[in-house]
Amino acid sequence: AIDKVLIQFALGKALEDDGRFAESFQNYQAANSGYAKIRPFRYSTHNTKLKAFFTPDYFSVQKESGSASDAPIFIVGLPRSGSTLVEQILTGHSEVDATRELAGINSIVRDLINPNLSAQEQYPQSLANLSATQIQDLAQRYLDYAQAYRQQARHFVDKAPPNFHHIGFIKTLFPNARIIDIRRNPMASGWSLYRHFFAESFLFTYDLKTIGKYYNDYIDLMDHWHSVLPKQILTISYENLVNDLPSAVDELLQYCGLPFEQSCLDFHLNKRAVATPSSEQVRRPIYAEALEHWKNYDEFLTPLKNAIGNT
């Protein structure tokens, strides 16, 4: 059954390259619905619980805890929104190591979720019971985990997109961590998600309506993080990055406290390994052709539009 799904995705791409968008969409749709049957997925959000716990009062109490390290730079957002490009720019800098989409934060969060405990002892409520020493130990556990993927630079990038759920926890562990939120036109990123096969990860991407719901919840939660952590998160527009790279690079480097280096503008010359579907794009200079690509499929994307509210 998986083989059939993969063939349909490949056919969708071949027909897309040929400009046969209606036939292409039919294959993408068949591939997505076929995979959704293999891996059924019921979407739910934890926004309400996270927003209720991570309040301004929580952070005013927590600011003395956590690691003093400013080594991690987290890139968050939706997949297919430009996170690999931002990573490629930053890791072109001599003071920034490339790693990968690290599972370290999610792994620690999973350990803090114990189904045998009461609701008050579950994550995130369980954080209230941790001492400063325990929080610092968790931060060190993350740094030790990341060390295996690092070189010797002062900073490193962790670009696991779903970390946007855990910004409250990240700022508990690392009050000095930089967090970059990369955003793209939701129709463009939503369509890009739908036309890619992610195998075991990102199970929300196989249904247009679910992609729209996920996007709305992402924006809702990011709005909350901005309100409780004012001026601590940098939001970058993918479209601005593509249309005015020098200004966007300048903004990124200033936020990260890094001096300008030409290699950040010449990101496409960065030879590091890239393991995401964006690997080909980041090997060439910046280009704008993909910004409006989703419009070739506009007539088929009503479920996504309606879910986003972009009607």
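Structure's up top.
Not measured: the values here are computed from a predicted model.

### Topic: the overall build of the chain
(1) Moving on: Within the chain, the regular secondary structure consists of 14 helices and five strands.
(2) Moving on: Here the chain has a C-alpha radius of gyration of 20 Å; the compact-globule value for 311 residues is 19 Å, and the two agree.
(3) Moving on: Within the span of the chain, comprising 311 residues, buried residues form 51% of the whole.
(4) Moving on: Only carbon and sulfur atoms are counted for the fraction: they give 50% of the accessible area of the chain, which is about 14,400 Å².
(5) Moving on: Charged side chains of the chain number 30 positive and 34 negative; the gap between the two group centres comes to 4 Å.

### Quick look at the layout of surface pockets
A probe matching the size of a water molecule, rolled over the atoms, marks out where space remains unfilled.
(1) Moving on: There is about 960 Å³ of room inside the second largest pocket.
(2) Moving on: Lining the second largest pocket are 32 residues, and of these N106, P162, H165, H166 and Y214 lie nearest its centre.
(3) Moving on: Of all elements in the fold, only α3 (47–53), α6 (104–112) and α10 (208–228) reach the threshold of two or more residues within the lining of the second largest pocket.
(4) Moving on: Its residues placed into classes, the lining of the second largest pocket shows 16 nonpolar, ten polar and six charged.

### Re the sheet that holds strand β5 (residues 233–237)
The strands that make up a sheet are held in pairs by hydrogen bonds between backbone atoms, and each pair lies either parallel or antiparallel.
(1) Moving on: Sheet architecture is open: five strands sit in the order β2-β3-β1-β4-β5, paired in parallel fashion. With partners counted over all chains shown, the strands left at the sheet margins are β2 (96–97) and β5, one partner each.
(2) Moving on: Sheet analysis places strand β1 (residues 72–77) next to strand β3 (residues 155–158), joined by three bridges and oriented parallel. What sits directly across from P72, in β3, is F156.
(3) Moving on: The strands touched by helix α5 (residues 83–90) are β1, β2, β3 and β4 (178–183); relative to β1, the strand with the most contacts, the crossing angle is about 160 degrees.
(4) Moving on: Strands β1, β3, β4 and β5 of the sheet are contacted by helix α12 (residues 245–256), whose axis makes an angle of about 170 degrees with β5.

### Side note on the side chain of S81
(1) Moving on: Looking at the secondary structure, you find S81 in the loop between β1 and α5.
(2) Moving on: On the accessibility criterion, S81 (3% relative accessible area) is buried.
(3) Moving on: At 3.2 Å, the side chain of S81 and the backbone oxygen of L78 are in polar contact.

### Here we look at the packing of helix α9 (residues 186–194) against α10
(1) Moving on: Taken N-terminus to C-terminus, the directions of α9 and α10 make an angle of 135 degrees; their axes are 10 Å apart at the nearest point. Of the possible angle classes, the one that applies to α9 and α10 is oblique. The handedness of the crossing between α9 and α10 is right-handed. Judged by residue contacts, P186, G190, L193 and Y194 of α9 engage L208, I211 and Y215 from α10.
(2) Moving on: Taken together, the residues that form the contact of α9 with α10 break down as six nonpolar, one polar and no charged.

### Some words on helix α1 (residues 2–17)
(1) Moving on: Spanning 16 residues, α1 covers 23 Å between terminal C-alpha atoms, matching the ideal 22 Å at 1.5 Å per step.
(2) Moving on: Taken as a whole, α1 has its buried residues at V5, Q8, F9, G12, L15 and E16. Looking straight down α1, one finds that the buried residues subtend no more than 130 degrees of arc, so they occupy a single side. Exposed positions of α1 whose direction lies more than 90 degrees from the buried face are D3, I7 and D17.
(3) Moving on: Next to the buried residues of α1 lie α2 (21–38) and α9.
(4) Moving on: Directly beyond the C-terminal end of α1, a positive phi value near 75 degrees is found at G19.

### Thoughts on a nonpolar patch on the surface
(1) Moving on: Among the surface-exposed residues, I2, L6 and I38 lie close enough to one another that they form a single nonpolar patch of about 200 Å² accessible area.
(2) Moving on: Counting through the fold element by element, I2 comes out in helix α1.

Parameters at a glance
Residues numbered from 1 in each chain as written. Predicted model: local features only at pLDDT ≥ 70, side-chain atom pairs only at ≥ 80, totals over all residues. Heavy atoms only, no water. Helix = DSSP H or I, 4+ residues; strand = E, 2+ residues; numbered from the N terminus. Rg over C-alpha atoms; globule rule 2.2 N^0.38 Å. Buried < 20%, exposed > 50% of the residue type's maximum accessible area, 1.4 Å probe, protein only. Areas by Shrake-Rupley, 256 points an atom, 1.4 Å probe, with all protein chains shown as cover. Lys, Arg positive; Asp, Glu negative; His and termini not counted. Charge placed at Lys NZ, Arg CZ, Asp CG, Glu CD. 1 Å grid on protein atoms, 1.4 Å probe; cavity = no way out; pocket = protein on both sides within 12 Å on 5 of 7 lines; lining within 4 Å. Points joined across faces, edges and corners; volume = space filled by probe spheres on them. Nonpolar A, V, L, I, M, F, W, Y, C, P; charged D, E, K, R; others polar. Pairing = 2+ DSSP bridges. Contact = heavy atoms within 4.5 Å. Axes fitted to C-alpha atoms, helices over the stretch in contact; angles between N-to-C directions. Polar contact = N/O pair within 3.5 Å; in protein donor to acceptor, adjacent residues only side chain to side chain. Parallel < 35°, antiparallel > 145°, perpendicular 65-115°, else oblique. Left-handed = near helix turned anticlockwise from the far one by under 90°. Expected span 1.5 Å × (residues − 1). Arc of directions from axis to C-beta. Patch = residues over 30% accessible without salt bridge, like charges linked within 9 Å, V, L, I, M, F, W, Y side chains within 5 Å. Salt bridge = Lys/Arg side-chain N within 4 Å of Asp/Glu carboxyl O.

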